[in-house]
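Read off the chains here:
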Amino acid sequence: MGRAYDFVVIGGGSAGYNAARVGAALGRRVAVVDGARALGGLCILRGCMPSKTLIYSAEVLHLARGGADLGLRVTGAAADMPALHARKKAIIADFAGHRVRQLKAGDFDLVRGRARFLDPHTVVLDDGRRIRAAHFLVSTGSTVSVPPVPGLAGAPFWTSDDVLDLDFRPRSVVVLGGGIVACELAQFLNRIGTRVCMVQRSRNLLRNLPEGAAGVVRQAFVDEGIDVQTDTKVLAITGGRGRICVSFRQAGTVRRRRADHLLNALGREPATRGLSLGAAGVRTAPNGRIITNRWQQTSAPNIYAAGDCCGPHEIVHVAIQQGELAARHAAGVRGLSPVEDAMLLNVVFTDPQVATVGWKEGDLLAKGARYSAASYPFDDHGKAILMNATYGYVKVLAEPRSGRILGAEIVGKDAGELIHCFSTPLAMKATVFDMLRAPWYHPTLAEIVTYPLQELADGILLARSKGR
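Residues numbered from 1 in each chain as written. Predicted model: local features only at pLDDT ≥ 70, side-chain atom pairs only at ≥ 80, totals over all residues. Heavy atoms only, no water.

### Some details on the overall build of the protein chain
Within the protein chain, the secondary structure is distributed over 14 helices and 21 strands. In summary, the protein chain has a C-alpha radius of gyration of 24 Å against a globular reference of 23 Å for 468 residues, a match within 12%. Principal-axis analysis of the C-alpha atoms places the extent of the protein chain at approximately 70 × 65 × 45 Å. By residue count, 50% of the 468 residues in the protein chain fall in the buried class. (Helix = DSSP H or I, 4+ residues; strand = E, 2+ residues; numbered from the N terminus. Rg over C-alpha atoms; globule rule 2.2 N^0.38 Å. Buried < 20%, exposed > 50% of the residue type's maximum accessible area, 1.4 Å probe, protein only.)

What follows is the structure in structure tokens.
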């Protein structure tokens, strides 16, 4: 009947590996089943790490080219694409090698093969082996989506995988989409010297983020020379390799953009095909996303899911939290807490960066929650001005009576680092007064957060003095 385990993880990425590690530490007999050609998971191999490696190199190039604004004479700055590609490959190989060693040296079995369910307690691998388990975790990640855009399926398009593996500089690219991947890679391509046009269906870039933040990013893109087209409907994609034409309607007018290459950055979908989830009684949404409860259980209670295959947030640290929660719940650990949306942390690695933590203003408005908000711009902050990093702002949301931090939003230089000023206070349910008791060094970028904090504190004290 095959080998039996307490807990079997299908997919050895960030969610899967950490779930297996926790399950083994709890004394369960655990296996990780992974049939990918290369071990490591999306983040390491084709996501977070290669993209941020390339984005950072492009940022350094951008700063060098703008040296005159800082009183510097920099000549001949250009992207050496073969060297850039080689550096990225070396860094990713090191990261992936570490993850492979973790998987092979863990206190669990590593089984190579693709699995599909026969029933809620049995999977069969592509070589015919069967594995039984009391509990399963599905953590198979996501794959590039090809939505029904006219002409897209038949066009020779690139995906993010292709852009992250470039060893030459494309002359021109049309980017379909305006989400996180689209924005990060469009700016990367533009900064290495590619002519870039973005065609986005929604009215704003980064439509799932606050509108003010999206507006700052759009302005920065336009200032850098990216052709940003929003509020569009693609009518046709024509042409072949080496010359692509995208026709779209915008404000009643048909427009066209031509380029050597097309990047499909219209999102990702759960990688759940081929798992035979129905045979195990696991329900999915129409797009294949696995439906889970707050403990990461699916409609089959002994089967859990974590990470991109179930969402709702495609973020690595959330996937890890979900996987670890599933492992503990399956082991019967008591006193657990579900992964909280109120603590959600997100970063977009454009320049300026966009970072949010906790509740967004739109979420608070939608649920009718009372809150106070205050913001402060980077273009009035000393350290930002001397760094020539004046795009963006800091916004803080707080409970209006106590001043307890509800959320924060930063758009600007190093926002992904600065947002962590709020992570611990949010977790500890701290107030604006608590944060202002801490020392903030001058001149630093971090001290910018004290201005909205002080505005909120002053408003609360004034209301108290008037007996409100």
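This is not the end of the story, as more comes after the structure.
### Examining the pattern of salt bridges
Oppositely charged side chains can form a pair if their charged atoms are brought close together. Within this structure, the stated rule accounts for 19 salt bridges. Its salt-bridge partner being Lys 413, residue Glu 59 comes within 2.8 Å of it at the nearest N-O pair. Placement of Glu 59 in helix α3 (residues 48-65) and of Lys 413 in the loop between β21 (405-412) and α11 (415-418) is noted, with a sequence separation of 354 residues between them. When its relative accessible area of 16% is taken as the criterion, Lys 413 is described as buried. Residues Glu 269 and Arg 273 are paired through a salt bridge, measuring 3.6 Å at the closest nitrogen-oxygen approach. For Glu 269, a relative accessible area of 19% corresponds to the buried category. Under the relative-accessibility criterion, Arg 273 is labelled exposed at 74%. (Salt bridge = Lys/Arg side-chain N within 4 Å of Asp/Glu carboxyl O.)

### Focus on the sheet that holds strand β9 (residues 195-199)
Strands sit in the order β10-β9-β8-β14 across an open sheet of four strands; the sheet is parallel. Here the strands that pair on one side only, and so sit at the sheet edges, are β10 (227-229) and β14 (261-264). Ignoring which end each strand starts from, the neighbouring axes of this sheet average 15° apart. Inspection of the sheet shows β9 paired to β10 by three bridges, in the parallel sense. Paired with Val 199 across the two strands is Gln 229, which belongs to β10. Contacts from helix α6 (residues 180-191) reach β8 (172-176), β9 and β14 within the one sheet, and its direction differs from that of β9 by about 160°. (Pairing = 2+ DSSP bridges. Axes fitted to C-alpha atoms, helices over the stretch in contact; angles between N-to-C directions. Contact = heavy atoms within 4.5 Å.)

### Concerning helix α14 (residues 450-465)
Each α-helix winds once per 3.6 residues, and so residues spaced three or four apart point in a common direction. Between its first and last C-alpha, α14 extends 22 Å over 16 residues, near the 22 Å set by a 1.5 Å rise per residue. Every buried residue belonging to α14 is among Thr 450, Pro 452, Leu 453, Leu 456, Ala 457, Ile 460 and Ala 463, and all of these are buried. End-on, the buried residues of α14 take up no more than an arc of 165°, which puts them together on one face. Structurally, α14 contributes buried residues whose contacts are with β19 (372-377), β20 (393-398), β21 and α13 (432-436). (Expected span 1.5 Å × (residues − 1). Arc of directions from axis to C-beta.)

### Quick word on the side chain of Gln 297
Along the polypeptide, Gln 297 turns up in the loop between β15 (268-270) and β16 (303-305). A polar side-chain atom of Gln 297 sits 3.0 Å from the main-chain carbonyl oxygen of Pro 301. Setting aside chain neighbours within four positions, we find Gln 297 in contact with Ile 291, Thr 292, Ile 303, Tyr 304 and His 329. (Polar contact = N/O pair within 3.5 Å; in protein donor to acceptor, adjacent residues only side chain to side chain.)

### Details of the packing of α3 against helix α4 (residues 81-105)
Interaxial distance between α3 and α4 falls to 10 Å at its minimum, and their mutual angle equals 145°. As α3 runs across α4, the sense of the crossing is right-handed. Mapping the contact onto sequence places Met 49, Pro 50, Thr 53, Leu 54 and Ser 57 in α3 and Leu 84, Arg 87, Lys 88, Ile 91, Ile 92 and Phe 95 in α4. The class makeup of the residues in the contact of α3 with α4 is seven nonpolar, two polar and two charged. (Left-handed = near helix turned anticlockwise from the far one by under 90°. Nonpolar A, V, L, I, M, F, W, Y, C, P; charged D, E, K, R; others polar.)

### Topic: the sheet that holds strand β11 (residues 233-240)
Spatially, the three strands line up as an open sheet ordered β11-β12-β13, and their pairing is antiparallel. Edge positions in the open sheet fall to β11 and β13 (253-259), since each of these has one partner strand only. If you compare each strand with its neighbour and ignore which way they point, the axes differ by 20° on average. In this sheet, strand β12 (residues 243-250) lies alongside β11 in antiparallel orientation, the contact comprising seven bridges. Within β12, the residue paired with Thr 238 across the bridge is Cys 245.

### Quick notes on α6
Here α6 spans 17 Å end to end across twelve residues, near enough to the 16 Å set by a 1.5 Å rise per residue. Burial analysis of α6 places ten of its twelve residues in the buried class, the great majority of the element. When we look at burial in α6, the residues that qualify are Ala 182, Cys 183, Glu 184, Leu 185, Ala 186, Gln 187, Phe 188, Leu 189, Asn 190 and Arg 191.

### Quick notes on the state of the cysteines
Each disulfide consists of one covalent bond between the sulfur atoms belonging to two cysteines. Applying the stated criterion across every chain yields a total of zero disulfides. The cysteine Cys 309 is free of any disulfide, with Cys 310 supplying the nearest cysteine sulfur at 4.9 Å. (Disulfide = S-S within 2.5 Å.)

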